[in-house]
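Coordinate inspection notes
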Amino acid sequence: MGEKKRILIVEDEKDMVYAVKLQLEANGYEVIAAYDGNEGLEKAKGEKPDLIILDIMLPQKDGYTFLLELKKDKAIKSIPVVVLTAKPGMKDMFKLEGAKDYITKPFESMHLLSKIKEIIG
Amino acid sequence: MKKRINYKEIAYKYKLLTYLMDHIPDVIYFKDRKGKLVLVNQAHAKGFGRKPRDIVGKTDFDLFPRKKAQKMARDDRYVFKTGKPIIDKIEKATSPTGIDNYVSTTKIPKYDNKGKVIGLIGITRDVTKRMQFGRLKEKNARIMKKLAMLEEMNKMKSEFISAVSHEIRTPLSIIQQLVTLIFNEITGPINDKQKETLQRTQDNIERLRKIIDELLDISIIESGSFKLHYSLVNLNDLIANSSDFFKESAKDKGINLDYYLPEKQVNLFIDADRINQALLNLIDNAIKFVEQGGKVKVEVKILETKVRVGVIDTGIGISRSDLAQLFNKFVQVSKIPSAERKGVGLGLSLAKELVERHGGEVWVESKLGVGSKFYFTLPRFYVPDVLDDRLRDTINNLLKKGISLCIISLVIVNYREAKKRIKIGPEKFSADLELIMNNTLGKVARPGREEPQIVLTDIQNGEYTIIFPGATEKKATKLANLLRNKVKSYFIKNKIEDVFVTLGILSYPHEKELRKIKHFPGRIHIKKIFIGLEKRRFKRILYKADIKFLLAKDKTEQMQAVDLSRGGLCFVSKRLLKTDSEVEISMELPKSKKTIHATARVAWIKRMERATKEAVNKYQIGLEFVSMKDKDRKLLSKELKSG
């Protein structure tokens, strides 16, 4: 039995979403996609995922703002977030802002998988 | 009533005016309406190699070539006719030798008491310098403008590269993942041929990624907007972490990767990511050059003033000609196995740049067919090296918040020996010291702000650390001075003899770096106070002494030391010595004229970069004394004391 863990990916690159979705689904996760920050917050509130994968570089509402708003909303603030970033060295910034972990692009799927496993199993 | 004519006064004034006229370097003359020179000064006459009396009565046409005289006459006529002066008219004259001279002409009409122009007064002055200066100013302005433009372009270039690199990384990341998906058969089973093809694809994606990273790094460094983010790092941890990175690839290649770390924990104030990057580049390089069954060793050595990291391999080695170019950009070494030819050749030059930004040195020793040794040094952080994680985190957190810190380190040099000579028992001694420190701190603490506090004491070694948050360098110096004086008087009061309290100032990052770093997340000021029986233990003085090196096989070489202390010396040599090799030295001390002997070890090497035509390489080499006879040590101490 065991319910599938649900992951929300907030990323504007459609092909990236395709690749990650395929990978995660093959590993037994359920994946929902959002292509910008606003959609992301909506889906987070609506679907209550177990984990959010968030790209920092998003159109309109950027990743930082997303994190801030996420943390403000009681219903969703406890959802762990893994941040995708192209810029290394900003790690500490995220820890401050509430992300659980980060991963730099380009990344290996295995790496992402193991991080996810660590957080939600 | 007729006024009394004071002849004396007139004579006096006349003398003064004549003096003025004849000593002024400007050419001054009086002309009448006909253009005849009525009065000229010495400078005027000298210009023709004559005396004034020879010139008086002549006109310009008698003195100058016709064309010139006509020009001058035209100016004269203007003044006579209009009654208007010509002031500071600049004319260019080229001398026979081709040099341009600039001359300023001033002509002022002379009136009689009826208001008629009866002549003019002329002043001619050489203004070549003024013009040149003007030109220089113009040139300077043009250069500044160009500079501003170049800076703008540079800024645009790095913004461009930054933007482009992100744009490149995203599709690259996607490609990577898509390939992996197929490779891992998530999209369905694949045959061996397909698997192999995809493997090669992945390898090339990795290549691309590395190239992009390096290009980006180099461009950031060059653009000057490169920043180092300092924090307190435990060196052993940093180095040990690198092993995770290479475990797999080393194993695949059948290479032994070993780490030799010292027992003593050392904390360094560095940018951990960047030093890690430098280290990884070196190890990566080493692995490239080593064949199956070979070894790569990473060793850390703690020297007096620096920490030295060595990456030593048993690979194919580097030829002498390649060695010289090794750290240059885009250089690929000739004998590299083609399978390993990855990257654009920026790894080593990046490593060098990163280490040098920290105030360290990088160098390499290699032998073809035997292997290579890459070394880099980093300056040490003078604080008791056993800082526990909690404390280190505290410091780093304060720094991240942008709060400047002051760390005062109180060290009793050679405390172990000193203890024997101090009549007070060690416990009382340290208790007293702590009391003094607390009292002094109490004086500088401000209510409502974070208090300075003694955070670490190492009674065994006589080291105390005080952290002073929110302090400026000025305040830190004040506190340090206060402490020093108090401790000094304590020592005197208790008859602790031969005490010398020295203020050692170490600031991180180095002042030079501070100017380069525009946004520093927090400043750390470190003051080290030395209390000790041995002066100048760590102080290095610029010193000239002739040293003879006894190399193997009875060969000696003479050098000039540039820097001498009790712990070692530094000198410049054309010969590249081997790191860690031992040398015998004999040194004639200039002041006492006595010769002392010592055994020393090569601790670090710095290649001196010179843009000269000399093909000769010069190296600055640091030696640490390993052993010295007591009497020689005493002589050296004496010599340094008197210095």
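These lines cover the structure that appears in this document, whether it is placed above or below. Quick caveat: nothing in here was measured; it's all calculated off a predicted structure. Starting from 1, residues in each chain are numbered consecutively following that chain's sequence as written. Each chain takes a letter, starting from A, and each ligand takes a number, starting from 1, following the order in which they are written. Where totals are concerned, whole chains, interfaces and linings use all residues; where local detail is concerned, this predicted model gives features only for residues with pLDDT of at least 70, and gives and counts side-chain atom pairs only at 80 or more. Hydrogens and water molecules were not included; the side-chain quantities draw on all heavy atoms of the structure.

**Re the overall build of chain A**
- Tallying secondary structure elements over chain A gives 5 helices and 5 strands in all.
- Helix numbers and strand numbers start at the N terminus; a helix is a DSSP run of H or I with at least 4 residues, a strand a run of E with at least 2. Along chain A, helices and strands appear, N-terminal first, in the series β-α-β-α-β-α-β-α-β-α.
- Within the span of chain A, comprising 121 residues, buried residues form 46% of the whole.
- A total accessible area of about 6100 Å² is found for chain A, and carbon and sulfur atoms account for 48% of it. We call a residue buried when its accessible area falls under 20% of the maximum for its residue type, exposed when it is over 50%, and partly exposed in between, using a 1.4 Å probe and counting protein chains only. All accessible-area figures derive from a Shrake-Rupley calculation using a 1.4 Å probe, and residue coverage is judged against the displayed protein chains alone.

**Some words on the pattern of salt bridges**
- Salt bridges, as used here, are contacts in which a Lys or Arg side-chain nitrogen is within 4 Å of a carboxyl oxygen on Asp or Glu. Within the structure shown, the criterion is met by 25 salt bridges over all chains.
- Measuring nitrogen to oxygen at the nearest pair gives 3.5 Å for the salt bridge that ties Glu47(A) to Arg6(A). Here Arg6(A) lies in strand E1 (residues 6-10) and Glu47(A) lies in helix H2 (residues 37-47), a separation of 41 residues in the sequence.
- Of the residues examined, Glu47(A) reaches a relative accessible area of 33% and is grouped as partly exposed.
- For Asp75(B), the salt bridge goes to Lys89(B), with nearest N and O atoms at 3.1 Å. With a gap of 14 residues between them, Asp75(B) in helix H5 (residues 66-82) and Lys89(B) in strand E3 (residues 86-94) connect regions that are remote in the sequence.
- Each of Lys297(B), Glu299(B), Lys301(B), Arg308(B) and Asp580(B) takes part in a single network of salt bridges with overlapping partners.

**Focus on the interface of chain B and chain A**
- Taken together, the contacts link 17 residues of chain B with 20 residues of chain A.
- Defined in terms of a 1.4 Å probe, buried area is the accessible area two parts forfeit on being brought together, summed over both. Summed over both sides, the interface between chain B and chain A buries roughly 1600 Å², with carbon and sulfur atoms accounting for 67% of that surface.
- On the chain B side of the interface with chain A, the three residues burying the most area are His166(B), Ile174(B) and Gln177(B), jointly 29% of the side's total.
- In protein, a polar contact means a hydrogen-donor-capable atom and an acceptor-capable atom, both N or O and within 3.5 Å, with residues adjacent in sequence counting only if both atoms are side-chain atoms; elsewhere, any N or O pair within 3.5 Å suffices. Seen at the junction of chain B and chain A, the total is 0 residue pairs in polar contact (both at pLDDT 80 or more).
- Considering each element in turn, the side of chain B that touches chain A owes the most residues, 11 residues, to helix H6 (residues 128-183) of chain B.
- All amino acids are sorted into three groups, where Ala, Val, Leu, Ile, Met, Phe, Trp, Tyr, Cys and Pro are nonpolar, Asp, Glu, Lys and Arg are charged, and the leftover types, Gly among them, are polar. Taken together, the residues that form the side of chain B that touches chain A break down as 5 nonpolar, 8 polar and 4 charged. Two residues qualify as a contact provided that any one of their heavy atoms is within 4.5 Å of a heavy atom in the partner residue.

**Focus on the nonpolar core**
Residue and element names in this part refer to chain B.
- Ranked by internal contacts, the top residues of the largest apolar core, which has 44 residues, are Leu-235, Ile-283, Val-296, Val-311, Leu-326, Phe-374 and Phe-376.
- Of all the elements, helix H9 (residues 272-289) adds the most residues to this core, at 9 residues.
- Ignoring any residue separated from it by four or fewer positions in sequence, one finds Leu-235 in contact with Val-266, Leu-268, Val-300 and Val-307. We define the nonpolar core as a collection of buried residues of types Ala, Val, Leu, Ile, Met, Phe, Trp, Tyr and Cys that are connected through side-chain atoms lying within 4.5 Å of one another.

**Considering unusual backbone geometry**
- In this structure, Lys48(A) is a non-glycine residue whose phi angle is positive, near 45°.
- One can find Lys48(A) in the loop between H2 and strand E3 (51-55).
- Given the relative accessible area of 47%, Lys48(A) is considered partly exposed.
- Here the phi dihedral of Glu185(B) falls at roughly 60°; this positive angle occurs in a residue that is not glycine.
- One can find Glu185(B) in the loop between H6 and helix H7 (192-223).
- Accessibility expressed as a relative area gives 35% for Glu185(B), which makes it partly exposed.

**Digging into the sheet that holds strand E12 (residues 371-379) of chain B**
Residue and element names in this part refer to chain B.
- A pair of strands is treated as paired once DSSP finds two or more bridges between them. Strands sit in the order E7-E9-E10-E12-E11 across an open sheet of 5 strands; the sheet is mixed. Strands with a single pairing partner mark the edges of an open sheet, and in this sheet they are strand E7 (256-260) and strand E11 (362-367). Sheet twist, expressed as the average angle between the axes of neighbouring strands with direction ignored, equals 15°.
- Looking at chain direction, strand E9 (residues 295-302) and strand E10 (residues 306-313) are connected through 7 bridges and run antiparallel. Across the sheet, Val-296 pairs through a bridge with Asp-313, a residue of E10. Axis definition: a line fitted to C-alpha atoms, over the contacting stretch in the case of helices. Angles run 0 to 180 degrees between N-to-C directions.

**Here's the deal with the sheet that holds strand E5 (residues 117-126) of chain B**
Residue and element names in this part refer to chain B.
- Read from one edge of the open sheet, 5 strands run E2-E1-E5-E4-E3, paired in antiparallel fashion. Two strands bound the open sheet, and with one partner strand each, they are strand E2 (37-40) and E3. Between one strand axis and the next, the sheet turns through 25° on average, direction left out of account.
- Judged from the 6 bridges that link them, strand E1 (residues 27-32) and E5 form a sheet pairing that is antiparallel. Bridge pairing in E5 links Ile-28 to Ile-123.

**Focus: the packing of aromatic side chains**
Residues and elements named next belong to chain B.
- Between rings of Phe, Tyr and Trp, where Trp is taken as its six-membered ring, a pair exists when centres lie within 6.5 Å; planes separated by under 30 degrees are stacked, by over 60 edge-to-face, and by other angles tilted. Throughout the structure, instances matching the rule amount to 3 aromatic pairs over all chains.
- On the basis of an interplanar angle of 75° and a centroid distance of 5.3 Å, the ring pair of Phe-48 and Phe-64 is categorised as edge-to-face. A residue pair is termed long-range when its members are at least 10 positions apart, and Phe-48 in the loop between helix H2 (42-46) and helix H3 (52-55) and Phe-64 in the loop between helix H4 (60-63) and H5 qualify at 16 residues.
- When its relative accessible area of 28% is taken as the criterion, Phe-48 is described as partly exposed.

**Some words on the environment of Ala351(B)**
All names here are of chain B.
- Along the chain, Ala-351 turns up in helix H11 (residues 347-357).
- A C-alpha to C-alpha distance of 8.5 Å links Ala-351 and Phe-327, two positions 24 residues apart in sequence.
- Excluding residues within four positions of it along the chain, Ala-351 makes contact with Ala-278, Asn-281 and Val-362.

**Observations concerning the packing of H2(A) against helix H3 (residues 63-72) of chain A**
Residues and elements named next belong to chain A.
- Interaxial distance between H2 and H3 falls to 10 Å at its minimum, and their mutual angle equals 25°. When the axes of H2 and H3 are compared, the pair comes out roughly parallel. Here the hand of the crossing between H2 and H3 comes out right-handed. Two secondary-structure elements touch here, H2 through Gly-37, Gly-40, Leu-41 and Ala-44 and H3 through Phe-66, Glu-69 and Leu-70. Convention used here: angles under 35 degrees read as roughly parallel, angles over 145 as roughly antiparallel, angles from 65 to 115 as roughly perpendicular, and any remaining angle as oblique. Handedness of each helix crossing follows the sense of rotation of the near helix against the far helix: counterclockwise by less than a right angle gives left-handed, clockwise gives right-handed.

Remember that the coordinates give geometry; whether it matters functionally is a separate question.
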